[in-house]
Amino acid sequence: MSWKGRSPPTEAGNRQQDPNPARKRDVEESILAARATAGDLEAFGQLVERYTPQARRVARAVLADPDDGDDAAQDAFLSALRHLGRYDPSRPFGPWLMRIVANAAADRRRRRKVRAADELSEATSGGGPGPDVETDRWAFLAAFRRALALLPERQRLAVTLFDVEGYSHAQIAEILDIPQGTVRSDVFHARRRLRTALVTWQHHWKEEVV
Amino acid sequence: MRSSPFDHRPLHDLGAALREALQPIDNQEFVDRVMAAARVGDRSLFRGDGWEVLSAWARPGLAAAAAIVVLAVAITISVGGSSPFEEVTIDDALQTTTTQSATLLLVAAPNPPDIDIVLALSYER
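Conventions adopted
Residues numbered from 1 in each chain as written. Chains lettered and ligands numbered in written order. Predicted model: local features only at pLDDT ≥ 70, side-chain atom pairs only at ≥ 80, totals over all residues. Contact = placed C-beta atoms within 7 Å. Helix = DSSP H or I, 4+ residues; strand = E, 2+ residues; numbered from the N terminus. Nonpolar A, V, L, I, M, F, W, Y, C, P; charged D, E, K, R; others polar. pLDDT = per-residue confidence, 0-100. Buried ≥ 20, exposed ≤ 12 C-beta atoms within 10 Å, placed from the backbone. Axes fitted to C-alpha atoms, helices over the stretch in contact; angles between N-to-C directions. Parallel < 35°, antiparallel > 145°, perpendicular 65-115°, else oblique. Left-handed = near helix turned anticlockwise from the far one by under 90°.

## Overview of the interface of chain B and chain A
Many authors give the size of an interface as the accessible area that is lost as the parts come together.
And then number 1: Counting from both sides, the interface comprises 28 residues of chain B and, opposite them, 35 residues of chain A.
And then number 2: Here the element with the most residues in the side of chain B that touches chain A is helix α2 (residues 27–40) of chain B; it accounts for nine residues.
And then number 3: Class assignment of the residues belonging to the side of chain B that touches chain A gives a composition of 18 nonpolar, four polar and six charged.

## Some points on the confidence of the model for chain B
Residues and elements named next belong to chain B.
And then number 1: When pLDDT is averaged across chain B, the result is 71; 48% of the residues are at 70 or more.
And then number 2: No element of chain B has a lower mean pLDDT than helix α3 (residues 42–45), which averages 57, and none a higher one than α2, which averages 94.
And then number 3: Two numbers describe this predicted complex: its pTM, 0.64, and its ipTM, 0.78.

## Let's talk about the environment of A190(A)
Residues and elements named next belong to chain A.
And then number 1: Structurally, A190 can be placed in helix α10 (residues 180–209).
And then number 2: On the basis of neighbour count, A190 is assigned to the buried category, with 26 C-beta atoms found within 10 Å.
And then number 3: Between the alpha carbons of A190 and L148 there is a distance of 8.2 Å; along the sequence they are 42 residues apart.
And then number 4: Contacts of A190, omitting those with residues within four sequence positions, involve L151, Q155, R156, A158 and V159.

## A word on unusual backbone geometry
And then number 1: A positive phi angle is found at D177(A), which is not glycine, with a value near 60°.
And then number 2: A tally of 9 C-beta atoms within 10 Å means that D177(A) is categorised as exposed.
And then number 3: Notably, D26(B) is not glycine yet its phi reads approximately 55°, a positive angle.
And then number 4: Secondary-structure assignment places D26(B) in the loop between α1 (12–22) and α2.

## Focus: the packing of helix α3 (residues 41–62) of chain A against α2(B)
And then number 1: As a packed pair, α3(A) and α2(B) sit with axes 9 Å apart at the nearest point and diverge in direction by 135°. With respect to α2(B), the axis of α3(A) lies oblique. Judged by the twist between their axes, the crossing of α3(A) over α2(B) is right-handed. Residues L41(A), F44(A), G45(A), V48(A), E49(A), T52(A), P53(A) and R56(A) of α3(A) touch α2(B), and the partners they reach there are N27(B), F30(B), V31(B), V34(B), M35(B), A38(B) and R39(B).
And then number 2: Each residue belonging to the contact of α3(A) with α2(B) can be placed in one class, and the counts come to nine nonpolar, three polar and three charged.

Here it is as structure tokens:
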């Protein structure tokens, strides 16, 4: 799929029954962006609503601390608002915005000089999950976040953009400004490490529960 | 569904787990926060500032005024046409009240004076 191909579905887009909802959404978002560029703050608000969950997730993939992630996502939206004039309306809006989000999150992480391991300890603080059946979901998510935080930043972004947000390799290459082959490699390595961590945790959890 | 790291398609199980791990809560609160920040910066981000509007119009306004002035001068020269010094005839020179003004008239003329005019002035003297 090319850069000019369909945007990945947003949460609202998933529910649409239009035969070509992605294309329709791309056009709608181009119009919203044009209105926002002309000074229509309400149009900008609609774009913010559409992309808030995605932008926050992508920022959190870089910055495990949720507050830092939200700050980065907000920085990205305001930066996008300032630079809407540079957006090419013939292209999908999502990849353009995600590039800004990824850069904003990476900038914030560099400024804070926080290592992933440090973020991890904060994100999973609380003494570690015991294999309590009542907290199994919490434990699972904690283990998953731990495994994710141990990945290199680019791999975290690549696997999040691909497996969660549904962007193509080509689009991720544009977003992260790296070759497509590197994206494929990053996604592959991230998946392998995440799956290893998950399987290990699941085996451990099953033994404890049984 | 079996999935592999080699799969070129999104892995739904892994994607779902990742989504849940990264999923933020209270998106509406975040939207409100972003929009509040956008409104604070609204005057500088958008064209709401009066001085910005004026300054945006200043350059084309000045250019239009300059063009009008140039056009007016060009029309005046081409239509309204004749300079008082362009063609000095013998009658013009002789009809001046003083010799000094007649001489000035000849000096200011764009073309060299006719010999008859110069002689006429000499006679007057």
